[in-house]
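Descriptive analysis of the structure
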Amino acid sequence: MSMEVLRSPIMVREALFPQIMRGRSVGLVPTMGALHDGHMAIVRDSVMENDLTVASIFVNPTQFGPGEDMDKYPRDVDGDITRLREAGVDILFMPSAADMYGEGFSTFIDVGPIAARLCGAFRPTHFRGVATVVAKLLNIVTPERAYFGQKDYQQFLILETMARELDMPVDMVICPTIREGDGLAMSSRNAYLSEKERSVAPVLYRALSSAAEALKGAEASPAKAKAMMEDMLRAEPLADEVQYIGCYDPHTLQWLEEFSGSALLAGAIKIGPTRLIDNVLVWK
Ligand code: AMP
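Quick caveat: nothing in here was measured; it's all calculated off a predicted structure.

Definitions and limits used
Residues numbered from 1 in each chain as written. Predicted model: local features only at pLDDT ≥ 70, side-chain atom pairs only at ≥ 80, totals over all residues. Heavy atoms only, no water. Pairing = 2+ DSSP bridges. Helix = DSSP H or I, 4+ residues; strand = E, 2+ residues; numbered from the N terminus. Axes fitted to C-alpha atoms, helices over the stretch in contact; angles between N-to-C directions. Contact = heavy atoms within 4.5 Å. Domains from an automatic or database assignment. Buried area = accessible area lost by both parts, 1.4 Å probe. Salt bridge = Lys/Arg side-chain N within 4 Å of Asp/Glu carboxyl O. Near = heavy atom within 4 Å. Polar contact = N/O pair within 3.5 Å; in protein donor to acceptor, adjacent residues only side chain to side chain. Areas by Shrake-Rupley, 256 points an atom, 1.4 Å probe, with all protein chains shown as cover. Nonpolar A, V, L, I, M, F, W, Y, C, P; charged D, E, K, R; others polar. Phe/Tyr/Trp six-rings, centres within 6.5 Å; stacked < 30°, edge-to-face > 60°. Buried < 20%, exposed > 50% of the residue type's maximum accessible area, 1.4 Å probe, protein only. Arc of directions from axis to C-beta. Core = buried A, V, L, I, M, F, W, Y, C linked by side-chain atoms within 4.5 Å. Parallel < 35°, antiparallel > 145°, perpendicular 65-115°, else oblique.

To continue, consider the sheet that holds strand β5 (residues 145–149). By definition, the strands of a sheet pair up through backbone hydrogen bonds, in either a parallel or an antiparallel sense. Here six strands make up an open sheet; going across it, the order is β1-β4-β3-β2-β5-β6 and the pairing parallel. Every interior strand has two partners, whereas the edge strands, β1 (4–6) and β6 (171–175), have only one. Averaged over all adjacent pairs, the angle separating strand axes in this sheet is 25°, with direction ignored. The pairing of β5 with β6 spans five bridges and is parallel. Paired with A146 across the strands is M172, a residue of β6. Against the sheet, helix α3 (residues 77–86) engages β1, β3 (52–57) and β4 (91–93), with an angle of about 170° to β3.

Structure follows, in structure tokens:
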């Protein structure tokens, strides 16, 4: 079956219904487009593990705050279609904002305290927008599995919690972060970086991975790991704004006092106007 590009929720349902009735499994990969190898690795997992894969491209207005980059978010629809077709995707769902949010839309998922931490402290309405749009996508596509990247670990935790607590019949799958050769996590927003900014951007992953190594040592504590990451970032003048950096409980996202089992090392920094996030999970 060659890839169909569909714009309305009803068309997606009509295309999938007979397939699902025949017992075929569906994997969903939600994206905002401008696809890179990180997205494509997730797509490949879904294509391998399901009879049918639906990818979505939707730059979701409800997850952008005032003054954020919604209008200039990178777009490459033709390139995305080619990549998804070559990867064996069956349906590309590419709705407009009007297709997803009718006049007077007013229902939102309230995601609770984990949405207020880390990125949520700087983007207060972001995760309610993400959770709401992903709930809609799950209802439209009714996949057996939905795929997300570890790069957005907090997003995954929130969506997995939502699916579990709201009894959504879907397996939420997390896929490893795909990086450039120098460690920078791939992101559509990396396209905003100037050459100079791009050359310093790997500092975030360097800080997180050095602290992860240190944390495994006998002497290290979360407080020392945090100080170490702050020092590494401070040494890089272009990384002029550190929104947060530290060691967190991977389930609650609360600040970790002591490293006893597992830790999430996560940070968000701005390099010039571009906001970068990354994280590393560590086990003892
Ligand atoms: P986005 O288009 O940025 O909304 O991302 C769509 C999906 O791809 C999300 O589940 C992201 O976590 C995931 N993703 C983005 N970048 C990467 C990456 N470098 N490695 C793995 N997954 C990623």
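Having seen the structure, we can now continue with the description.
Considered domain by domain, the protein is made up of domain 1 (4–175) and domain 2 (188–279). Centre-to-centre separation of domain 1 and domain 2, based on C-alpha positions: 26 Å. On the side of domain 2, 16 residues touch domain 1, which itself brings 21 residues to the contact. Across the domain 1/domain 2 interface, buried area totals approximately 1800 Å², and carbon plus sulfur atoms make up 57% of it. Looking at the side of domain 1 facing domain 2, the largest losses of area belong to L118, F122 and Y153, adding up to 33% of the total buried there. Between domain 1 and domain 2 we count one salt bridge in total. When the shortest N-O distance is used, the salt bridge between D69 and R189 registers 2.7 Å.

Moving on: the site of the ligand. The environment of the ligand is made up of 17 residues, and the closest members are M32, H39, D152, I178 and M186. Residue G149 places a main-chain N or O atom 3.0 Å away from an oxygen atom belonging to the ligand. For the ligand, a nitrogen atom lies 2.8 Å from a polar atom in the backbone of M186. Isolated, the ligand exposes 480 Å² of accessible area, and the fraction of that covered by the protein chains is 93%. Elements with a contribution of two residues or more to the shell around the ligand: β2 (26–31), α2 (37–49) and β5. Among the elements that make up the shell around the ligand, the one with the highest residue count is α2 (three residues). Its residues assigned to classes, the shell around the ligand comprises eight nonpolar, seven polar and two charged.

All right, on to the packing of aromatic side chains then. All told, the structure shown has eight aromatic pairs when counted by the stated rule. Between the aromatic rings of F122 and Y244, the centroid separation amounts to 6.2 Å while the plane-to-plane angle is 25°, which identifies the pairing as stacked. With a gap of 122 residues between them, F122 in helix α5 (residues 119–122) and Y244 in strand β7 (residues 241–248) connect regions that are remote in the sequence. Here F122 falls in the partly exposed class, since its relative accessible area comes to 37%. On the numbers, 6.2 Å between centres and 55° between planes, the contact of F148 with F156 is tilted.

For the rest of this paragraph, the subject is α3. Where α3 is concerned, the buried positions are D80, I81 and L84. Down the axis of α3, the sector holding all buried residues measures 100°, keeping them to one side. Pointing more than 90 degrees away from the buried face of α3 are the exposed residues D78 and E86. Looking at the buried side of α3, the elements it contacts are β1, α2, β3 and β4. Phi for G88, located one or two positions after α3, is positive at around 90°.

Right, let's get into the nonpolar core. Grouped together as the largest cluster of nonpolar side chains are 46 residues, with contacts concentrated most on L138, M162 and M172. Counting the residues that make up this core, at least three belong to each of domain 1 (4–175) and domain 2 (188–279). L138 has contacts with L28, P143, A146, M162, M168, V170 and M172, leaving out every residue within four places of it along the chain. One finds V200, M229, F259 and V282 within the second-largest nonpolar core, a separate group that totals 26 residues.

Here helix α1 (residues 9–21) crosses helix α6 (residues 126–141) at 45°, and the two axes come no closer than 8 Å. Taken as axis vectors, α1 and α6 run oblique relative to one another. Contacts from P9, V12, R13, L16 and I20 in α1 reach N139, I140 and V141 in α6. Counted by class, the contact of α1 with α6 contains six nonpolar, one polar and one charged residues.

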